Amino acid sequence: DVACNDNDRWVARASGGVYFYTNAGLTSGMYLSAGGSSWNAVSNRERKENFGSVDVQALVARLAEVPITTWNYKSQDATIRHIGPMAEDFNALVGGLGGEGEDYINTLDADGVALAAIQGLYQLSQEQAARIEVLETEDTKQQAQIDALQLENADLKGRVAVLEQTVGTSPSS
C-alpha cells in the first residue's frame, strides 16, 4: 500500500503509468511509463509548428558566457545541492525562451539547448580536425623541403671542402 504520511504531500501509485495532458486534444503533455522513473514529453513533429533554425555555434558561444553554479533552494536544507544556470540567464540564450514563465527553465528547452550545444561543438571539432589535417600536410611538405635542403647543404659543404683542398686553403686560413 502507498500511504501519504506527511501533511502537504501528494502521493500516487499508478502501476500502468501516469499521463498528464495540458490540452483537450491530448497533443501537449507528458507521461511516466509503467515501471519508469522519468517523464516523456510529447515532442512529435506533427504536434509542433513555427520551426526556426538555430545557429548552434553562436549558441555555444552565448552558452559559454552563462554562469553555471551550484546552489540550494532557500526552502531546502543547504546540504541539498543543485547545479545549473539561473532562469534569467538561460532564457536570454534564445528569443522566446521563458515564455511560459521568466522564473522557470523548461526542461524540454534545457535538453534542446544541450543538444544544440553538442551539435555546435561537433561542428567546431570537425572544422578543427580539417584544419589540423591541412596543417599536418603542410608540415609534411615543409619537412621534406627541409630534409632536401639539408642534403643539398651537406653536398655543397663537401664540394667546398674538396675545392679548398684543391686550391690549398682551409676554412681557418
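Draft legend 1. Quick peek at the overall build of the protein. Of the regular secondary structure elements, the protein holds three helices and five strands. Going from the N terminus to the C terminus, the protein shows its helices and strands as β-β-β-α-β-β-α-α. Over its C-alpha trace the protein gives a radius of gyration of 33 Å, far above what one expects of a compact globule, namely 16 Å for 173 residues. Viewed in the frame of its principal axes, the protein has a C-alpha envelope of about 110 × 45 × 35 Å. Residues counted as buried form 10% of the 173 residues belonging to the protein. Counted over contacts in the protein with a minimum sequence separation of 6, partners at least 24 positions apart contribute 20%. Total accessible area on the protein stands at roughly 14,100 Å², and carbon and sulfur atoms take up 53% of it. Counting 12 positive and 24 negative side-chain charges, the protein places the centres of these two groups 3 Å from one another.

Draft legend 2. Representation of the side chain of asparagine 91 within the structure. Secondary-structure assignment places asparagine 91 in helix H2 (residues 87-91). Assessed through its relative accessible area of 7%, asparagine 91 is described here as buried. Among the polar contacts made by the side chain of asparagine 91, one reaches the main-chain carbonyl oxygen of tyrosine 104 at a distance of 2.9 Å. With residues up to four places along the chain from it excluded, the contact list for asparagine 91 reads Leu97, Gly98, Gly101, Glu102 and Tyr104.

Draft legend 3. Structural detail: the pattern of salt bridges. Scanning the model with the defined rule gives two salt bridges in all. Among the ionic pairs, aspartate 6 bridges to arginine 9, the shortest N-O distance being 2.8 Å. Taking relative accessible area as the criterion, arginine 9 reaches 43% and is therefore assigned partly exposed.

Draft legend 4. Structural detail: helix H1 (residues 56-64). Buried residues of H1: Val56, Leu59 and Val60, and no others. The buried residues of H1 occupy one face: seen down the axis, they fall within an arc of 105°. Where the residues of H1 are buried, they touch helix H3 (107-167).

Draft legend 5. Layout of the packing of aromatic side chains. In total, this model carries four aromatic pairs according to the counting rule given. Ring geometry for tryptophan 71 against tyrosine 73: centres 5.0 Å apart, planes inclined by 80°, an arrangement best described as edge-to-face. Taken together through their ring pairs, the aromatic side chains of Tyr19, Tyr21 and Tyr31 make up a single cluster.

Draft legend 6. Local environment of the packing of H1 against H3. The contact between H1 and H3 brings their axes to 8 Å, and the two run at 110°. Classed by the angle they form, the pair H1 and H3 counts as roughly perpendicular. Counted together, Val56, Gln57, Leu59, Val60 and Leu63 of H1 and Val113, Ala116, Ala117, Gln119, Gly120, Leu121, Gln123, Leu124 and Glu127 of H3 form the full contact between these two elements. Of the residues that constitute the contact of H1 with H3, the class distribution is nine nonpolar, four polar and one charged.

About the criteria used
Residues numbered from 1 in each chain as written. Predicted model: local features only at pLDDT ≥ 70, side-chain atom pairs only at ≥ 80, totals over all residues. Heavy atoms only, no water. Helix = DSSP H or I, 4+ residues; strand = E, 2+ residues; numbered from the N terminus. Rg over C-alpha atoms; globule rule 2.2 N^0.38 Å. Buried < 20%, exposed > 50% of the residue type's maximum accessible area, 1.4 Å probe, protein only. Contact = heavy atoms within 4.5 Å. Areas by Shrake-Rupley, 256 points an atom, 1.4 Å probe, with all protein chains shown as cover. Lys, Arg positive; Asp, Glu negative; His and termini not counted. Charge placed at Lys NZ, Arg CZ, Asp CG, Glu CD. Polar contact = N/O pair within 3.5 Å; in protein donor to acceptor, adjacent residues only side chain to side chain. Salt bridge = Lys/Arg side-chain N within 4 Å of Asp/Glu carboxyl O. Arc of directions from axis to C-beta. Phe/Tyr/Trp six-rings, centres within 6.5 Å; stacked < 30°, edge-to-face > 60°. Axes fitted to C-alpha atoms, helices over the stretch in contact; angles between N-to-C directions. Parallel < 35°, antiparallel > 145°, perpendicular 65-115°, else oblique. Nonpolar A, V, L, I, M, F, W, Y, C, P; charged D, E, K, R; others polar.

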